[in-house]
Amino acid sequence: MSRGDKQVRVPIIAESRGVTKITDLTYHFPHLTKLTDLSMKYTSPYYKEIIVYPEMKPVYGLEDVYHLRPGKQLSTVSPYEDRLTPTSTREYVPQDPFHRIHWKASAKMNALQSKVYERNVDYSWAILVNIGERTRLGNVHVSALLESLLSHASFLCHTAAEKDYPYELMINGKRPHQRPYLHQREGTGRDHLKKSIELLARVSKDQNLMAFEEMLHRFNLQVSKAKGVLILGEMTEESYRYVSEWVAKGLNVYTLVNEGDYATMKPIKKGMNSYVRTE
C-alpha cells in the first residue's frame with residue numbers, strides 16, 4: 001500500500017429499526033513481518049448517519065377512511081362534483097338542471113346531452129400515534145407494542161403517499177426543542193413520505209413521552225378542517241373525551257384494532273362507552 005490507496009468494503013447488517021452514527025473509525029491489519037498489528041485511525045470528522053426504517057405491517061379497512069366533503073381525490077360515491085373538469089357527456093334526462101346541458105355535444109348528436117363531472121371527496125388524514133402505555137398504577141412508559149405501532153404507521157403513510165392523500169403525522173414523543181411533540185405538518189408526495197418514515201425511524205425505545213391527552217388537546221386546538229382521524233395505540237378515558245367531541249362534530253374517527261394476525265381501522269361510533277386498546 002506504499003504511496004497508494006486501498007479500498008476496503010465493510011458489510012453492515014441492520015438488526016432493528018433506528019438511527020445510528022459512526023463516531024470512531026479505526027482500521028487494524030497485520031504487519032507483514034512483525035507479529036503485532038498495525039492500527040490506522042481516521043481523525044477527520046465523519047458525519048455519516050445510518051437510518052433503518054420501520055418495516056410495514058398492513059392495515060385493513062382503509063377504503064372507508066374519508067370525510068364526506070369536497071376535496072381533490074376522485075370518488076365514485078361522492079355527492080360532490082368538480083364543475084371545472086367535465087369528463088364526458090351522457091344522454092339528457094328531465095331531472096338534469098339546465099346548466100348541465102352540453103350544447104356543442106347536443107348539436108353534434110342531434111339530441112340533448114348532459115355534462116358528466118368528476119366526483120371528488122376529501123381523503124385527508126391525521127395519523128395520531130400513542131407510543132405510551134399506562135400501567136395499573138397509572139404510570140406511563142413506552143409501549144411494548146412500539147415496533148408494531150410504528151410499522152402500522154409506516155404502512156398508513158405509504159398508502160396515503162401512493163394515493164396522493166394529504167396527511168399529517170403526530171406522535172406523543174417529546175422533543176428537546178421547537179414543538180413539544182413529534183409532528184409532521186400536512187403534505188403529500190414522496191418527499192413528504194421520506195420525512196415521515198425518517199421521523200418514525202428516529203423514535204427511540206427510551207423516548208420521553210408527552211401525555212396522549214395533552215397531544216390530543218393541542219391537535220384539537222390547531223385542527224382547521226374536518227378530516228379522517230386515525231388513532232394508533234392505547235385509548236384511555238381521558239383521550240376518549242376529545243374523540244367523542246370530534247365524533248359529535250361529524251369527524252370520522254378510527255382506531256387501530258389488532259385481530260389476530262392482522263390489524264384493521266375500525267370507526268368509533270357516536271355514543272360508544274368503551275375504550276379500544278391494541279392487545
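For the structure itself, consult the block above.
Okay, so let's go over this structure. (Residues numbered from 1 in each chain as written. Predicted model: local features only at pLDDT ≥ 70, side-chain atom pairs only at ≥ 80, totals over all residues. Heavy atoms only, no water.)

Bringing the overall build of the protein chain into the picture now. What the protein chain contains, in helices and strands, is five helices and 16 strands. Restricting to contacts in the protein chain with at least 6 residues of sequence separation, those with at least 24 account for 67%. If you sum the accessible surface of the protein chain, you get close to 17800 Å²; carbon and sulfur atoms cover 51% of it. (Helix = DSSP H or I, 4+ residues; strand = E, 2+ residues; numbered from the N terminus. Contact = heavy atoms within 4.5 Å. Areas by Shrake-Rupley, 256 points an atom, 1.4 Å probe, with all protein chains shown as cover.)

Glancing now at the nonpolar core. Of all hydrophobic cores here, the largest spans 34 residues; its most connected members are Trp125, Ile127, Val129 and Ile171. Looking at this core, the elements that each hand over two or more residues are β9 (125-130), α2 (146-162), β12 (167-171), α3 (189-201), β14 (228-233), β15 (253-259) and β16 (262-267). Element by element, the count of residues in this core is highest for α2, at eight residues. Look past the residues within four positions of Ile171 in its chain and what remains in contact with it is Val129, Ile131, Tyr181, Leu182, Leu199, Leu200, Val203 and Met215. Ranked by size, the runner-up nonpolar core spans 20 residues in total, among them Ala126, Val229, Tyr240 and Leu251. (Core = buried A, V, L, I, M, F, W, Y, C linked by side-chain atoms within 4.5 Å. Buried < 20%, exposed > 50% of the residue type's maximum accessible area, 1.4 Å probe, protein only.)

Right, let's talk about the pairing of strand β3 (residues 37-41) for a bit. Every regular strand shows the same layout, with side chains that alternate between the two sheet faces. Across five bridges, the pairing between strand β2 (residues 26-30) and β3 is antiparallel. Counterpart to Thr26 in the pairing with β3 is Lys41. Hairpin connection, β2 to β3: the antiparallel pair is bridged by six residues. (Pairing = 2+ DSSP bridges.)

Looking at the largest pocket, its volume works out to about 530 Å³. Forming the walls of the largest pocket are 13 residues, and the residues nearest its centre are Val8, Val10, Leu25, Thr26 and Tyr27. Those elements that place two or more of their residues in the lining of the largest pocket are β2 and β3. (1 Å grid on protein atoms, 1.4 Å probe; cavity = no way out; pocket = protein on both sides within 12 Å on 5 of 7 lines; lining within 4 Å. Points joined across faces, edges and corners; volume = space filled by probe spheres on them.)

Over its 17 residues, α2 runs 24 Å from end to end, which matches the ideal 24 Å to within 8%, given 1.5 Å per residue. Where burial is concerned, most of α2 is hidden: 14 out of the 17 residues are buried. (Expected span 1.5 Å × (residues − 1).)

Looking now at the sheet that holds β15. Sheet architecture is open: seven strands sit in the order β5-β16-β15-β14-β9-β12-β13, paired in mixed fashion. Looking at the sheet topology across the chains shown, the edges are occupied by β5 (59-60) and β13 (182-187). The pairing of β12 with β13 spans four bridges and is classified as antiparallel. Bridge pairing in β13 links Met170 to His183. Running at roughly 125° to β15, helix α5 (residues 237-248) makes contact with β9, β14 and β15 of the sheet. (Axes fitted to C-alpha atoms, helices over the stretch in contact; angles between N-to-C directions.)

This part covers the packing of helix α4 (residues 212-222) against α5. Where α4 contacts α5, the two axes come as close as 8 Å, and the packing angle between them is 25°. Taken together, α4 and α5 sit at an angle that is classed as roughly parallel. When you trace α4 past α5, the crossing you get is left-handed. Within the contact between the two elements, α4 uses Phe212, Glu213, Leu216, His217, Phe219 and Asn220 and α5 uses Glu238, Ser239, Tyr242, Glu245 and Trp246. Here the contact of α4 with α5 is composed, by residue class, of five nonpolar, three polar and three charged. (Parallel < 35°, antiparallel > 145°, perpendicular 65-115°, else oblique. Left-handed = near helix turned anticlockwise from the far one by under 90°. Nonpolar A, V, L, I, M, F, W, Y, C, P; charged D, E, K, R; others polar.)

Just geometry here; none of it tells us what the structure is for.
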